[in-house]
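Observations on the three-dimensional arrangement
The lines below spell out each chain.
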Amino acid sequence: MTPKRVVVWGTGVVGKMVIAEIVDHPLFELVGVGVSNPAKVGRDAGEICGLPATGVLATDSVESLVALRPDALVHYGPTAQHADENIRVMSAFLRAGIDVCSTAMTPWVWPQMKQNPAPWIDPITAACEEGGSSCFTTGIDPGFANDLFPLTLMGLCGRVDSVRASELLDYTDYEGDYEDEMGIGRPPSFKPLLEIPDLLVMAWGATVPMIAHAAGIELDDITTTWEKWVTPTDRKTAKGVISAGDVAAIRFTINGVYDGREVITLEHVNRIGLDAAPEWPAGSADDVYRVDIVGSPSISQETAFRFTDGSGRSPAVAGCLATGLRALNAVPAVNDLPPGWVTALDLPLVPGVGTIR
């Protein structure tokens, strides 16, 4: 196949790892790299990512990247906290007829979600119409663990009484943001952003109404729960020490209610140390994404992401890489779809062409 020419926006944890995969990939050609940090402008993408020189220099000029006329923008920008900037960057590509595959703006995993404000939806809808382009978001929670996995398994059932998708991770070696967002490492009196129900549903709950839509039902309500576990001892992490008396584990759920019962549940249990909150759910192996379906038949599936290259990188980081590669590998399929919003329900099987080599 002719390689797909891609621009990568964002060289944070996910973007850097994906660029490293693109460099040796037969199906993708890296033609541009966009950054927001002025200190990275003009530097070779290889230098930024700890790789040999690529000949591709990072830029913060959206116009110059659009002028490269890539097959797609693969966007690893910030979360919906920076919605205006994300919309500015992505809509510029879409208006120029360039498809976008992204992990940012998790509410766009299901654009029809009623919590999505019009100023977040209308500009992208208009940009897709103007450019005849498509926009796909897979999310960072990660999206595929909360939609692709449960939806695929539900297709093996005659009846589903309930479906639960759980992230069960140890964050000891994880260097991503979790203090202000989740309250890990903060006193129990601290109220993190995601403890606010409306923000939690908007940030990570889009797959709940997506699954309901796919199953042909309309939910009565979406509810949330939030729990904290306080450590009795100091705990070392990749980011420092969490002191005794502070939060070292959180558990939350987002629940789709139908006919008076919870039928769809997203659950996150994030710990600092596998011994934290021992009474909370854990996988049969450490650091897994789990789907549990009660129905006919009942199904349980656990998926583990690991690095086996000797780098010592954590399973949480391996999950971040898989999230980024879901967006990259979707590019050929998104290129073939009609213009407009794209969700996991619109994509065909994405088998990862070019991965075996």
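Throughout what follows, the structure given in this document is the object of discussion. (Residues numbered from 1 in each chain as written. Predicted model: local features only at pLDDT ≥ 70, side-chain atom pairs only at ≥ 80, totals over all residues. Heavy atoms only, no water.)

Observations concerning the overall build of the protein
When helices and strands are counted, the protein shows twelve helices and 15 strands. Dimensions along the principal axes, computed over C-alpha positions, put the protein at roughly 55 × 45 × 40 Å. Looking at the 357 residues of the protein, the share that counts as buried comes to 54%. Taking all contacts inside the protein whose residues are at least 6 apart in sequence as the whole, residues at least 24 apart take part in 70%. (Helix = DSSP H or I, 4+ residues; strand = E, 2+ residues; numbered from the N terminus. Buried < 20%, exposed > 50% of the residue type's maximum accessible area, 1.4 Å probe, protein only. Contact = heavy atoms within 4.5 Å.)

Some remarks on the packing of aromatic side chains
Under the criterion given, the structure shown has eight aromatic pairs. Where Tyr-171 meets Tyr-174, the ring centres are 4.7 Å apart and the plane angle is 40 degrees; that geometry is what we call tilted. Each of the two residues, Tyr-171 as well as Tyr-174, counts as buried. Centre to centre, the rings of Trp-226 and Phe-252 are 5.2 Å apart; their planes meet at 5 degrees, and the pair counts as stacked. (Phe/Tyr/Trp six-rings, centres within 6.5 Å; stacked < 30°, edge-to-face > 60°.)

Re the environment of Val-353
Mapped onto the elements, Val-353 comes out in the segment after β15 (340–342). Each C-alpha atom of the pair Val-353 and Gly-32 lies 22 Å from the other, and the pair is 321 residues apart in sequence. When residues no more than four places from it in sequence are discounted, the contact partners of Val-353 are Met-1, His-25 and Leu-27.

So, the sheet that holds strand β8 (residues 221–230)
Spatial ordering of the open sheet is given by β8-β11-β12-β7-β13-β14, a layout of six strands whose pairing is mixed. Single-partner strands in this sheet number two, and they are β8 and β14 (299–303). Strand-to-strand twist of the sheet, defined as the mean angle between neighbouring strand axes without regard to direction, takes the value 10 degrees. Where strand β13 (residues 288–296) lies against β14, five bridges are found, and the strand directions are antiparallel. Across the sheet, the residue bridging to Ile-293 is Ile-299, located in β14. Packed onto the sheet, helix α9 (residues 197–204) meets β8, β11 (247–258) and β12 (261–271) and runs at close to 80 degrees relative to β11. Along the sheet face, helix α10 (residues 207–215) touches β8, β11 and β12 and points at about 145 degrees away from the line of β12. (Pairing = 2+ DSSP bridges. Axes fitted to C-alpha atoms, helices over the stretch in contact; angles between N-to-C directions.)

Concerning the packing of helix α1 (residues 13–23) against helix α11 (residues 315–329)
Taken N-terminus to C-terminus, the directions of α1 and α11 make an angle of 60 degrees; their axes are 9 Å apart at the nearest point. With respect to α11, the axis of α1 lies oblique. The chirality of how α1 crosses α11 is right-handed. Only Val-317, Cys-320, Leu-321, Gly-324, Leu-325 and Leu-328 of α11 make contact with α1, whose side of the interface consists of Val-14, Met-17, Val-18, Glu-21 and Ile-22. (Parallel < 35°, antiparallel > 145°, perpendicular 65-115°, else oblique. Left-handed = near helix turned anticlockwise from the far one by under 90°.)

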